[in-house]
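Listed below are the residues making up each chain.
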Amino acid sequence: MKQTIVEKIFSDHSGKRAKAGDIIIGNVDFCFGQDGTSGMVIDSFRKLEMDHVHSKNNFCMIIDHSAPSPNMGVSAIHDKMRNFSREFGVRLFDVGCGVCHHLVPESGYVTCGDLVLGADSHTCTYGAINAFSTGVGSTDLAIALASGKNWFKVPETIKMIIDGKLPKGVYSKDVILHIIGDIGADGANYKSVEFYGDIIENFSVDARFTMSNMAVEMGAKCGIMEADKKTIQWVKKHSSRDPRSIKADSDAKYCEIREYDLSGLSPQVACPHTVDNVENIEDVEGTKIDQVFIGTCTNGRLEDLEIAAKILKGNKVAPGVKLLVTPASKQIYLEALKKGLIDIFLEAEASVNNPGCGPCVGTHQGVLADGENAFSTANRNFKGRMGNPNGNIYLGSPATAAATAIAGKISDPREYKKRL
Amino acid sequence: MTKKKKETQKMNVQETKTMETQKEIIPEKKTPKYAHRLKIENDINTDYVISGRYKFKIQDPKELAKHIFEDLEPDFGAKIKSGDFLVAGDNFGCGSSREQAPVALKAAGISAVLAKGYARIFYRNAFNVGLCLVECDTRFIDDMDELELDIEHNVVRNISKGINIDIKPVPRIMMEFLKRGGVIEYFKEKKGFEGLV
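Values in this document were obtained by computation on a predicted structure and should not be read as measured data.

Each value, and the rule that gives it
- Residues numbered from 1 in each chain as written.
- Chains lettered and ligands numbered in written order.
- Predicted model: local features only at pLDDT ≥ 70, side-chain atom pairs only at ≥ 80, totals over all residues.
- Core = buried A, V, L, I, M, F, W, Y, C linked by C-beta atoms within 7 Å.
- Buried ≥ 20, exposed ≤ 12 C-beta atoms within 10 Å, placed from the backbone.
- Domains from an automatic or database assignment.
- Contact = placed C-beta atoms within 7 Å.
- Helix = DSSP H or I, 4+ residues; strand = E, 2+ residues; numbered from the N terminus.
- Pairing = 2+ DSSP bridges.
- Axes fitted to C-alpha atoms, helices over the stretch in contact; angles between N-to-C directions.
- pLDDT = per-residue confidence, 0-100.
- Parallel < 35°, antiparallel > 145°, perpendicular 65-115°, else oblique.
- Left-handed = near helix turned anticlockwise from the far one by under 90°.
- Nonpolar A, V, L, I, M, F, W, Y, C, P; charged D, E, K, R; others polar.

## Things to note about the nonpolar core
Counting residues in each nonpolar core, the largest one holds 192 residues, and the members touching the most others are Cys31 and Ala308 of chain A together with Ala104, Leu105, Val113 and Leu133 of chain B. Composition of this core by domain shows at least three residues from each of domain 1 (5–260) and domain 2 (269–419) of chain A. If sequence neighbours within four positions are ignored, leucine 133 of chain B has contacts with Ala112, Val113, Tyr118, Tyr123, Ala126 and Phe127 of chain B.

## Things to note about the environment of aspartate 343 of chain A
Residues and elements named next belong to chain A. Considering the arrangement of structural elements, one finds aspartate 343 in helix H13 (residues 341–347). Given 14 C-beta atoms within 10 Å, aspartate 343 falls into the partly exposed group. Separated by 288 residues in sequence, aspartate 343 and serine 55 have C-alpha atoms that sit 42 Å apart.

## Some points on the sheet that holds strand E2 (residues 30–34) of chain A
Residues and elements named next belong to chain A. What the 5 strands build is an open sheet, ordered E4-E3-E2-E5-E6; its pairing is parallel. Each end of this open sheet is capped by a strand with a single partner; those strands are strand E4 (91–93) and strand E6 (132–135). The mean angle between the axes of side-by-side strands here comes to 20°, regardless of whether they run parallel or antiparallel. The pairing of E2 with strand E5 (residues 115–119) spans 4 bridges and is classified as parallel. Considered in E5, the bridge of cysteine 31 is made with leucine 117.

## Notes on the confidence of the model for chain B
Per-residue pLDDT for chain B has a mean of 88; in total, 85% of the residues score no lower than 70. This model gives residues 1–23 of chain B a pLDDT under 50, and the stretch forms 1 contact once residues within four places in sequence are excluded.

## Some words on the packing of helix H2 (residues 38–47) of chain A against helix H5 (residues 138–147) of chain A
Residue and element names in this part refer to chain A. It is at 8 Å that the axes of H2 and H5 come closest, and there the two elements cross at 55°. Of the possible angle classes, the one that applies to H2 and H5 is oblique. Judged by the sense of rotation from one axis to the other, the crossing of H2 with H5 is right-handed. Taking contact as the criterion, the partners of Met40, Val41, Ser44 and Phe45 in H2 are, on H5, Ser138, Thr139, Leu141, Ala142, Leu145 and Ala146. Residues that form the contact of H2 with H5 fall into these classes: 7 nonpolar, 3 polar and no charged.

## Observations concerning the domain arrangement of chain A
Residues and elements named next belong to chain A. We note that the domain assignment places domain 1 (5–260) and domain 2 (269–419) within chain A. Centre-to-centre separation of domain 1 and domain 2, based on C-alpha positions: 24 Å. Contacts between the two partners involve 35 residues from domain 1 and, on the opposite side, 35 residues from domain 2. Elements represented by at least two residues in the side of domain 1 that touches domain 2 include exactly helix H4 (100–106), helix H6 (172–183) and helix H8 (205–213). When residues of the side of domain 1 that touches domain 2 are assigned to their parent elements, the largest contribution, 6 residues, is made by H6. In terms of residue class, the side of domain 1 that touches domain 2 is built from 13 nonpolar, 15 polar and 7 charged.

## A closer look at the interface of chain A and chain B
Chain A puts 44 residues into the contact, and the matching count from chain B is 39 residues. Those elements that place two or more of their residues in the side of chain A that touches chain B are strand E1 (23–27), H2, helix H3 (72–88) and H5 of chain A. Per-element accounting of the side of chain A that touches chain B gives the leading share, 5 residues, to H5 of chain A. Considering only residue class, the side of chain A that touches chain B consists of 16 nonpolar, 20 polar and 8 charged.

## Focus on the sheet that holds strand E5 (residues 146–150) of chain B
All names here are of chain B. Spatially, 7 strands are ordered E4-E3-E2-E1-E5-E6-E7 in an open sheet, and the strand pairing comes out mixed. The strands lining the two open edges of the sheet, one partner per strand, are strand E4 (132–135) and strand E7 (163–166). Strand-to-strand twist across the sheet, computed as the mean angle between neighbouring axes with direction ignored, equals 30°.

## Observations concerning the pairing of strand E14 (residues 291–294) of chain A
All names here are of chain A. Of the two faces of E14, the one carrying Gln291 and Phe293 and the one carrying Val292 and Ile294 are both buried. Bridge count for E14 against strand E15 (residues 322–325) is 4 bridges, and the pairing is parallel. Considered in E15, the bridge of isoleucine 294 is made with valine 325. Judged from the 3 bridges that link them, E14 and strand E17 (residues 373–376) form a sheet pairing that is parallel. Following the sheet pairing, phenylalanine 293 is matched in E17 by serine 376.

Put into structure tokens, the structure is as follows:
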């Protein structure tokens, strides 16, 4: 029988032909934890009573979710991670290096055809560079850290073909929000999603990361794309390992095929308090916003900052509105500095914060006040996500976020199309 | 002492004995276990189970347990007694991979979660830490219904409503983890997962 992308990757990593529904034991190419999960990874690893990790080079920890530390409890977790890093000789990305889902591929740890696990649900991000990557809990991660393996159920696959020509001002964030709104928060539960179509082909790798990043918001185990020239160029720039590009067989078996023509798509906004509560911008335009956040593993990459800067250039954030900008990594911060983007943000009265997760998880920066509305480029808008259950979070693209910051209310970035 | 009085005394003694016998039986009789339902039914995410505010601050599961579902219903956790059940609709445990979520539920005394379906990361995490998840039609379970879970016979008995609800058999792999208290105990005993495939 012909195979999907995940069936091929699981076959390569288990040494036997894998098909959807099989339970396999797979070799893990790389795994990592962040500061919200690594404390428990370390505890679970200790319980396994191992005196060494399986491979020092195939694991790292990243301090990004609550960095710099806002309190003694978090500092204790960070300290525990630093001690573990020294004791076992594993790499630690400390405060200010950036957000895990950009750092891991940027540092060259992932290439096409890999099997990657992360103790973070948005590990599905690297599907954009043709890797099977998925989020697991701390104990599953500890087992991979100790043994280099874990067990997997090979998922069925949904094929999504996304065609059309997006209007100016409409981006990959709008595409993935539209799809999540259509399929629902559990529409792809336990499934692999393969993304195809003109729109995907025309996207940059940065834009593709945004789409794969949010696959978990429809319940998917991974959101994977075939590698093309752009992918190979990207991975070769960052990783010294040879990419093993994996394509699905033309007659692979899919549990579902969904086709979208998104020509003329409006900017999309996920409204409180679920990611699948998606509206066209026309239906939410004018909603008052108190805080705008541009950043995260979804939309904190260079291209995202460039788009936001095009709109913000020469403009000021509306009085009373806070605009927080968090580059996804130190490298991106440096590039943004060189390109003059940081000047544009500061001149627009934004607060540019250290690389990391920023206010997304609500544990250390930008916590909302009661009744405040936030517009964020993050991937989740759950009640309480930004630290206060009495705040409301709207999600959208960096362009919509920038237009919204200037107006102080949800605004259509297509008004700036001449700049984009 | 008159004969009558003696008889009364005798009866009292007998009654006391009977009561004592009953008392002895009481501990053997199962304490009733109740269902707990949140006001929202579907897509209950792990941020709701335990907010990010606490997952970073607290590493003690018993402390975490005090804050479950705080952003949705602040008093919810206090109502749960050891052995009770959490009941929900579709896609329970979606969102963040935080393992603090099943750990906090277990520490709160939840013996099993009953839901129509689960998100995948939470599903693995729960069994990995020894928390039982049951898939079944939860439409006929109301908040505070008395329940009995019989995993061997794949049934949950709703004592309050007098009905039996079929449950989807818990996968063999997950039962292997559950009966040992979690995946770590399995992995150490079997020295890997080779026995699973």
